[in-house]
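Results of the structural survey
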Amino acid sequence: MSALRVLFLGGAGMIGSAVAREAVQHGIDLTVVTRGEHGRALPAEVRGIRADIRDGAALDTALGDTEYDVVVNWVGFRPQDVLPDVERFAGRTGQYVFVSTCSVFGRPVPQLPITESSPRRHPAFGYAREKLAAELVLEDAYRERGLPLTIVRPMHTYDETTMIFPVTWTAIERLRRGDATVVHGDGTSLWTLTHSSDVARALVPLLGNTHAIGESVNLVSGDILTWDQIHATLAAAAGVRDPLLVHRSSESIGREVPGWAEVLQEDFRHSILFDTTKLQRLVPGYRPKVSFAEGARRIVAWHEEDAARRAFDDELSAAFDRLIRNG
């Protein structure tokens, strides 16, 4: 039996590279199209094509007449990013997978846990609004053009090279010094984190899976953590037993750190937890392997390997001090 032929449009980032490693381990014949800039290392078995995915003519030339069993779009962020794919791949692939985001679900969520059929609506958070618009365009193409669509939605995904925003390395250093750091809200809103390797273990079995066509699937761990727990778990991994956490409103933090305002106020302030029934039905036996306690230890260890990874942001630290001082 020949190997499954899969094309990634993009996919050299944190999640895509983890999925590429998992795909190769499963014997998938993988081709990845990127511009060849700033990507993560991909397995040697991956066939690379260098092209600008936004340049339709260049992409068509690069792909030629090769057909793929599955096409995965990692870099579609707006409707105009995915509309050309409808013409390009309808009738040319057995499955088209769009990587969206769980941020498309309306906030506040009217009922928990979130399922794939929970209401989608996000008029305020720009990233989620555009992803949702792209989903709707592709769903129309599935109904009207027969595009063999599967939508997958990672939640808050991380690996050892990332901090869990809005926790920063500056916050970790402050806690090590015995200073307080700031947590939005009262620290008790619920959140879900998933390691990139667990997203990969969920996604790869969906590739070429005909039961997933016409479906959307949330790729989440099912873990439930409060934001105080997230901060405390990272602090414990960094050797801080009793971290000093001060709670401030998302609005006040946004005034001091403007770049955080939208994501805190429109996304992170709300409690989020997921039902994983559909994922487990489509990927029988799926269970995440990396707990956040283990993930936090990996994050701290990676940052400790190189001082350049542990940059301290004096401006952010001063903003924390103002928030703490001014109540």
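Scoring rules and cut-offs
Residues numbered from 1 in each chain as written. Predicted model: local features only at pLDDT ≥ 70, side-chain atom pairs only at ≥ 80, totals over all residues. Heavy atoms only, no water. Salt bridge = Lys/Arg side-chain N within 4 Å of Asp/Glu carboxyl O. Helix = DSSP H or I, 4+ residues; strand = E, 2+ residues; numbered from the N terminus. Buried < 20%, exposed > 50% of the residue type's maximum accessible area, 1.4 Å probe, protein only. Contact = heavy atoms within 4.5 Å. 1 Å grid on protein atoms, 1.4 Å probe; cavity = no way out; pocket = protein on both sides within 12 Å on 5 of 7 lines; lining within 4 Å. Points joined across faces, edges and corners; volume = space filled by probe spheres on them. Polar contact = N/O pair within 3.5 Å; in protein donor to acceptor, adjacent residues only side chain to side chain. Axes fitted to C-alpha atoms, helices over the stretch in contact; angles between N-to-C directions. Parallel < 35°, antiparallel > 145°, perpendicular 65-115°, else oblique. Left-handed = near helix turned anticlockwise from the far one by under 90°. Nonpolar A, V, L, I, M, F, W, Y, C, P; charged D, E, K, R; others polar. Expected span 1.5 Å × (residues − 1). Phe/Tyr/Trp six-rings, centres within 6.5 Å; stacked < 30°, edge-to-face > 60°.

**A closer look at the pattern of salt bridges**
- If you walk through the whole model with that rule in mind, you get 24 salt bridges.
- Here Arg153 ties to Glu135 by a salt bridge, and the two come within 2.9 Å at their closest N and O atoms. Taken as a pair, Arg153 in strand β6 (residues 149–154) and Glu135 in helix α4 (residues 126–145) lie far apart in primary sequence, 18 residues in all. This pair shows no difference in class: Arg153 is buried, exactly as Glu135 is.

**Some remarks on helix α5 (residues 169–177)**
- Here α5 lies mainly inside the structure; seven of its nine residues are buried.
- Within α5, burial applies to Trp169, Thr170, Ala171, Ile172, Glu173, Arg174 and Leu175.
- Its buried side turned inward, α5 meets β8 (181–184), α7 (227–237), β13 (245–248), α11 (292–304) and α12 (314–326).
- Downstream of α5 by one or two residues, Gly178 has phi in the positive range, about 90 degrees.

**A word on the layout of surface pockets**
- Taken as a whole, the largest pocket holds about 1,000 Å³ of empty space.
- Looking at the largest pocket, it is lined by 45 residues, and the ones nearest its centre are Gly13, Met14, Ile15, Trp74 and Phe77.
- For the lining of the largest pocket, the secondary-structure elements that each account for two or more residues are α1 (14–25), β2 (29–34), β3 (47–50), α4, β7 (156–158) and α9 (261–268).

**Quick notes on the environment of Glu87**
- Residue position: Glu87 is located in helix α3 (residues 79–89).
- Taking the C-alpha atoms as reference points, Glu87 and Leu147, separated by 60 residues in sequence, lie 9.3 Å from one another.
- For Glu87, the side chain forms a polar contact with the side chain of Arg145, separated by 3.0 Å.

**Examining unusual backbone geometry**
- In this model, Arg107 is joined to Pro108 through a cis peptide bond whose omega is -5 degrees.
- The omega torsion across Leu112 and Pro113 is 0 degrees, close enough to zero to call that bond cis.

**What about the packing of α5 against α12?**
- Running from N to C, α5 and α12 point in directions that differ by 60 degrees, and their axes come no closer than 10 Å. When the interaxial angle is binned, α5 and α12 end up oblique. The chirality of how α5 crosses α12 is right-handed. Packed against α5, whose contacting residues are Thr170, Ala171 and Arg174, the element α12 presents Leu316, Ser317, Phe320, Asp321 and Ile324 at the interface.
- Here the residues of the contact of α5 with α12 sort into four nonpolar, two polar and two charged.

**A few points about α1**
- The end-to-end C-alpha separation of α1 is 17 Å, in line with the 16 Å expected for 12 residues at 1.5 Å each.
- The buried fraction of α1 amounts to 10 of the 12 residues, a majority that puts the element mostly inside the structure.
- Within α1, burial applies to Met14, Ile15, Gly16, Ser17, Ala18, Val19, Ala20, Glu22, Ala23 and Val24.

**With respect to the packing of aromatic side chains**
- Evaluation of the coordinates by the stated rule reveals 11 aromatic pairs.
- Summarising the aromatic geometry, the rings of Phe77 and Tyr127 are spaced 6.5 Å apart at their centres and angled 45 degrees between planes, so their arrangement reads as tilted. With Phe77 in the loop between β4 (68–73) and α3 and Tyr127 in helix α4, this residue pair connects regions lying 50 residues apart in the sequence.
- A relative accessible area of 35% places Phe77 in the partly exposed class.
- Its relative accessible area of 38% is what places Tyr127 among the partly exposed residues.
- Ring centres of Trp260 and Phe320 lie 6.2 Å apart, and the angle between their planes is 65 degrees; this geometry places the pair in the edge-to-face category.

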